[in-house]
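Spelled out from the first residue to the last, the chains are:
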Amino acid sequence: MPLRNRLRILAVSGLALFTVSASLPPVSAHTAPAHHPSAGGLSAVIRYTEYGIPHIVAKDYANLGFGNGWAQAADQVCTLADGFVTLRGERSRYFGPDASPDGSLSSAAKNLSSDLYFRGVRDTRTVEKLLKVPAPAGPSRTTKELQRGWAAGYNAWLAQNRITDPACRGARWVRPVTALDVAERAFALSVLGGQGRGIDGITAAQPPAATPAPASPSPDDAADAAARLLSTQNADMGSNAVAFRGSTTANGRGLLLGNPHYPWQGGRRFWQSQQTIPGELNVAGGSLLGSATMSIGHNAYVAWSHTVATGVTLNLHQLTLDPADPTVYLVDGAPQRMTRRTVTVAVEDGREVTRTQWWTRYGPVVTSLGAGLPLPWTRTAAYALGDPNAVNLRSGDTALGFSKARSTAGIKEALSRTQGLPWVNTIAADSSGHTLFSQSQVLPRITDELAERCSTPLGRATYPTSGLAVLDGSRSDCAPGSDPDAVQPGIFGPGRMPTVENAPYVENSNDSAWLANADAPVSGYERVFGTVGTPRSLRTRGAVEDVSAMAAEGRLTVADLQSQQFANRAPAGDLAAAGLARACAALPGGTTSGSTGAPVDVSAACPVLRDWDRTVDTGSRGALLFDRFWRRAVAVPAAELWKVPFSPADPVGTPNTLNTSAPRVLTALADAVAELRGLGIALDAPLGEHQSVPRGERRIPVGGGTESLGIWNKTEGVWDAAAGGYTDVSTGSSYIQAVGWDGGPCPVARTLLTYGQSSNPASPHSSDQTELYSGERWVTSRFCEKDIARSPALKVVRVREHR
């Protein structure tokens, strides 16, 4: 029997194992002789295949968590350690109070406010209390065992390996962690759209002084600010996903394409693996760093992905204060004293900073939601932030339910049973040909009736435009209600979630559930979930055009999903480029005015725009010119930009027809031409020459485009004029999977982790999949044991605690 097959059998049976190679990637180099007993400690077997993808095998959940924590540390120790500094409230001590966190665990603008919040969470034992809540309202024992094992695996890697990543080599802040640290990371992700969005306003909130408080924003200004703040189109996370029913596929089985758009740096990166407990669990996919479960993935029967949802996970309660004491508020006429929390954090020069936070029955007092939405605390009024995800530690159990599901019905059951997802939709397909879309989020149970009855003047402006409710906190009957089928009080139950089952296709690109299937629009949900009958983003419009055409054509395969991912069609170009080229060619003398008033000769741009193929591939000529034009053009109000306005009767086709007679449209073209000429960039330069990412001494060109262009394969480049273009990617396509079934025991899956497994520049896995992404190539998933055993890159290692 070949050696690899013998190793496979030994690994699955859990018998004595030995390491076949000591030459693992630099950041994960460790081998352990199998004949040494583990002395009762945790252990796991990790089989590495191409691109450093680990296939982790363990006998139970604690040991599986151990292997997961070990392997994540091997690839991402510095990024993970940085996150644990955040959760311990120690960023100011090590990095300075005025520096900025990476934004992966909250929206705090500075380390000091981040520390004050997370130290407060720890001081009040918030997560410890949530861990004691019995399931299903609290996390299951299985989830806690995974977290315990994950912490042990991370610590074992630290104890047994030398850090080579320069980002944290020799750093004092890289320390062992506890299972509580792992759970606190899950808590931080849960409140990301709620308390995590208001951290600066929570930690800055102080009772008003004798001097007048700053003026409150007008309702109209607040409504605009809330709409900008809560728009999924402005977020650093997004996604596309589509599931096709068996009636549209070549073999009657389902298909799923998942394309999450997440940050390329920092703690919200995905990390790829396979997790196996023989006879109990077998799942592959991508996990958010620090997670012990699979965030997006597939097993032998079902595949799922997520998209950031439009549901508003927070609300405000406007408090009526006691005129004699601004830390006392009235509820049904009775005084309620705020809870005072005093938090102390260390800063880098050895000083300590102490601040007070103020909490109410509704949540913390908050004095702003971002710089654009001040919420002043005056002598008569203050605002408290409600966030039902602040008592939700169930996301791990939802992920486990997905991982063990055998159909889309199983996915739906896990969503209903656990209600653990804070801010995403779920799209799924299975091997029997079923599809599912569900906006199953933990949302405050704010009905339109409640908002109508209880909104303050501010809320009457913000709720219709953004879904942000501002309720009258002086009335107990204005608190969010409860559904009898809800897992926790104050949230919508599973029966209220916008859901589409077994449609020919279901698709989402971060708009509301309305057009999950454009042939059968979804309506009837409350405003807090999202809108109905409103303009869709260009990415949604382009995606619906594409996937509905694919479904209508039928006979779909995994290869068709792969083609869709890298079609790189620019819907904005289809709508506007031809009209712009004609208007450009008609200009007298080929000249128009730029924003400075100076004339600009744009004649050379006309044929470039005309001949551009309307894609954003690395070789596309004209894509960069249109991109720089379009980023300026979208600042023009829609009523001025388009000749044909939006119509709810044709939400995919409208608005359309670029209004080239609008002065600011041609001004945008002049400015784009002047910009590129000033940088010495040819107007028809291939996109990849000026859109790339650094990897060591090399630059790797990447395709894709910005949100406003409507590209499925989203790439948010970092523009650096001095360096000649987009020199890095801030966010965009991340863990991509195209999954189907052919009737055999193994799913047909192609995957791609665009930025690679490791952030350590010394690792070959910091760039290998980025090279694939640049060339629009994929990784063939090795899910079944026979495929793992056949990997030419196979390296097997047993990892364990040393006690």
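Above this note sits the structure.
Thresholds applied
Residues numbered from 1 in each chain as written. Predicted model: local features only at pLDDT ≥ 70, side-chain atom pairs only at ≥ 80, totals over all residues. Heavy atoms only, no water. 1 Å grid on protein atoms, 1.4 Å probe; cavity = no way out; pocket = protein on both sides within 12 Å on 5 of 7 lines; lining within 4 Å. Points joined across faces, edges and corners; volume = space filled by probe spheres on them. Helix = DSSP H or I, 4+ residues; strand = E, 2+ residues; numbered from the N terminus. Nonpolar A, V, L, I, M, F, W, Y, C, P; charged D, E, K, R; others polar. Disulfide = S-S within 2.5 Å. Buried < 20%, exposed > 50% of the residue type's maximum accessible area, 1.4 Å probe, protein only.

K.L.:
What is the right way to look at the layout of surface pockets in this model?
P.N.:
By rolling a water-sized probe across the atoms, one finds the places where empty space is left. Roughly 1400 Å³ of volume is contained in the largest pocket. In terms of lining residues, the largest pocket is bounded by 40 residues, among which Ser231, Gln233, Pro535, Arg536 and Ser537 are the most central. Those elements giving two or more residues to the lining of the largest pocket turn out to be helix 9 (219-230), helix 13 (457-466), helix 14 (538-553) and helix 19 (638-641). Residues of the lining of the largest pocket, tallied by class, amount to 16 nonpolar, 15 polar and nine charged.

K.L.:
What's the story with the state of the cysteines in this structure? I'm lost.
P.N.:
Between two cysteines, a covalent bond joining their sulfur atoms is known as a disulfide. Per the stated rule, a full pass over the model turns up four disulfides. Between Cys78 and Cys168 runs a disulfide, and the two sulfur atoms are separated by 2.0 Å. Handedness here is read from the sign of the S-S torsion; for Cys78 and Cys168, about -75°, the answer is left-handed. In this pair, Cys78 sits in helix 2 (residues 61-88) while Cys168 sits in the loop between helix 6 (141-160) and helix 7 (179-190), placing the two residues 90 residues apart along the sequence. With a sulfur-sulfur separation of 2.0 Å, Cys746 is cross-linked through a disulfide to Cys784. Between Cys746 and Cys784, the disulfide has an S-S torsion of -125° and is therefore left-handed. Residue Cys746 is located in the loop between strand 29 (735-740) and strand 30 (748-753), and its partner Cys784 is located in the loop between strand 31 (779-780) and helix 22 (785-789); the two are separated by 38 residues in the primary sequence. Each member of the pair, Cys746 as well as Cys784, carries the same accessibility label: buried. Disulfide connectivity for the chain, with bonded cysteines indexed by sequence position, reads 1-2, 3-4, 5-6, 7-8.

K.L.:
Mind showing me how you'd approach empty space enclosed by the protein here?
P.N.:
This model, assessed by the stated rule, comprises eight cavities of 30 Å³ or more. What the largest cavity holds in volume is close to 480 Å³. Residue lining of the largest cavity: 28 residues in total, with Leu189, Leu288, Ser291, Ser295 and Ser395 positioned closest to the centre. Those elements giving two or more residues to the lining of the largest cavity turn out to be helix 6, helix 7, strand 8 (302-308) and helix 10 (395-404). Considering each element in turn, the lining of the largest cavity owes the most residues, five residues, to helix 7. In terms of residue class, the lining of the largest cavity is made up of 17 nonpolar, ten polar and one charged. Volume-wise, the second largest cavity comes out at about 60 Å³. Lining of the second largest cavity is provided by Thr398, Leu415, Ser416, Thr418, Gln419, Gly420, Leu421, Ser440, Gln441, Val442, Pro494 and Met497. Counting residues per element, the lining of the second largest cavity draws most heavily on helix 11 (residues 408-418), at three residues.

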